[in-house]
Amino acid sequence: ILVKGVVEQLKDLVRAVDESDLRKGIATSLDAKLENAEDAFDSASTNDKTTACNLMGAFINNVEAQSGQSLTLAEVASFTSAARQIDSTLSCTQ
C-alpha cells in the first residue's frame with residue numbers, strides 16, 4: 001500500500017485539474033489555490049498547516065460553486081473527494 005503525503009496529493013490534484021477540459025480562468029483559479037496550499041505546507045520553516053487548510057477549504061468552496069456550471073458533477077465529486085482527503089491528511093478541522 002502506497003500512502004502519499006500532502007505534497008504528493010496536492011500535485012496529483014493539480015494534475016487532475018490541469019488535465020480536465022476547464023475554462024482557463026476556472027483552471028487558473030483552482031490551480032492557484034492548490035499551489036498556494038502546497039507552498040504553505042511545503043515551507044519547512046513554518047509548516048503552515050492553518051493556511052494550507054484554509055486554502056483547501058477555499059478550493060472546495062470554489063469547486064462546489066462551479067458545480068453544474070463550469071464543472072461537471074463528476075469533476076466536482078473527484079476534486080472535492082481528493083481535497084477532503086488532503087484535509088484529512090493535514091488534520092484540518094471543518
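Keep in mind the model is a prediction, meaning the values are calculated, not measured.

Trainee: Looking at this structure, how should I read unusual backbone geometry?
Mentor: It is generally the case that most residues other than glycine have a negative phi and that most peptide bonds are trans. Here Ser-91, not a glycine, exhibits a phi torsion of approximately 60 degrees, which is positive. Take Ser-91: it is sitting in the segment after α4 (73-90).

Trainee: Just checking my understanding: could you explain the environment of Ile-60 for this structure?
Mentor: Within the secondary structure, Ile-60 is located in helix α3 (residues 49-65). Spatially, the C-alpha atoms of Ile-60 and Thr-80 are 5.7 Å apart, while their sequence positions differ by 20 residues. The residues touching Ile-60, leaving out its near neighbours within four places in the chain, are Thr-80, Ala-83, Arg-84 and Asp-87.

Trainee: Is there a simple way to think about helix α2 (residues 24-42) in this case?
Mentor: At 3.6 residues per turn, the α-helix brings residues three or four places apart onto the same side. With 19 residues, α2 should cover 27 Å at 1.5 Å per step; its first-to-last C-alpha distance of 26 Å lies within 8% of that length. Looking at α2, one finds that the buried residues are Ile-26, Ala-27, Leu-30, Asp-31, Lys-33, Leu-34, Ala-37, Glu-38 and Ala-40. Those residues of α2 that are buried are in contact with α1 (6-19) and α3.

Trainee: So what exactly am I meant to see when it comes to the pattern of salt bridges here?
Mentor: Pairing between side chains of opposite charge can happen when the charged atoms of each approach one another. Summed over the entire model, instances satisfying the criterion amount to four salt bridges. The partner of Asp-12 in a salt bridge is Arg-15, and the shortest N-O contact between them spans 2.5 Å. Taken together, the residues Asp-12 and Arg-15, both in helix α1 and three residues apart, mark about one turn of the helix. Of the residues examined, Asp-12 reaches a relative accessible area of 26% and is grouped as partly exposed.

Trainee: How should the environment of Ala-58 be read in this particular structure?
Mentor: With respect to the helices and strands, the residue Ala-58 is situated in helix α3. With relative accessibility at 28%, the residue Ala-58 sits in the partly exposed group. Along the sequence, Ala-58 and Thr-72 sit 14 residues apart, while their C-alpha atoms lie 19 Å from each other.

Trainee: Would you explain the confidence of the model for the protein in this entry?
Mentor: Do not read the predicted coordinates in detail wherever pLDDT is low. In the predicted model, the protein carries a mean pLDDT of 86, and 93% of its residues have values of at least 70. Mean pLDDT in the protein bottoms out at α2, which sits at 86, and peaks at α4, which reaches 92.

Trainee: Before we go on, may I ask you to explain the packing of α2 against α3 in this structure?
Mentor: When two helices pack together, their arrangement is given by the angle between the helix axes and by the axis-to-axis distance. Look at α2 against α3: their axes get within 8 Å of each other, and the N-to-C directions meet at 165 degrees. By the angle between their axes, α2 is roughly antiparallel relative to α3. The hand of the α2/α3 crossing is left-handed. Where α2 abuts α3, its residues Ser-29, Leu-30, Lys-33, Leu-34, Asn-36, Ala-37, Ala-40 and Phe-41 lie against Lys-49, Thr-51, Ala-52, Leu-55, Met-56, Ala-58, Phe-59, Asn-62 and Val-63. Here the contact of α2 with α3 is composed, by residue class, of 11 nonpolar, four polar and two charged.

Trainee: Help me out: how do you make sense of the environment of Asp-31 in this one?
Mentor: By secondary structure assignment, the location of Asp-31 is in helix α2. What makes Asp-31 buried here is its relative accessible area of 12%. Taking the C-alpha atoms as reference points, Asp-31 and Ala-16, 15 residues apart in sequence, are found 10.0 Å from one another. Every residue in contact with Asp-31, bar those within four places of it in the chain, is listed here: Val-14, Val-17 and Asp-18.

Basis of the calculations
Residues numbered from 1 in each chain as written. Predicted model: local features only at pLDDT ≥ 70, side-chain atom pairs only at ≥ 80, totals over all residues. Heavy atoms only, no water. Helix = DSSP H or I, 4+ residues; strand = E, 2+ residues; numbered from the N terminus. Contact = heavy atoms within 4.5 Å. Expected span 1.5 Å × (residues − 1). Buried < 20%, exposed > 50% of the residue type's maximum accessible area, 1.4 Å probe, protein only. Salt bridge = Lys/Arg side-chain N within 4 Å of Asp/Glu carboxyl O. pLDDT = per-residue confidence, 0-100. Axes fitted to C-alpha atoms, helices over the stretch in contact; angles between N-to-C directions. Parallel < 35°, antiparallel > 145°, perpendicular 65-115°, else oblique. Left-handed = near helix turned anticlockwise from the far one by under 90°. Nonpolar A, V, L, I, M, F, W, Y, C, P; charged D, E, K, R; others polar.

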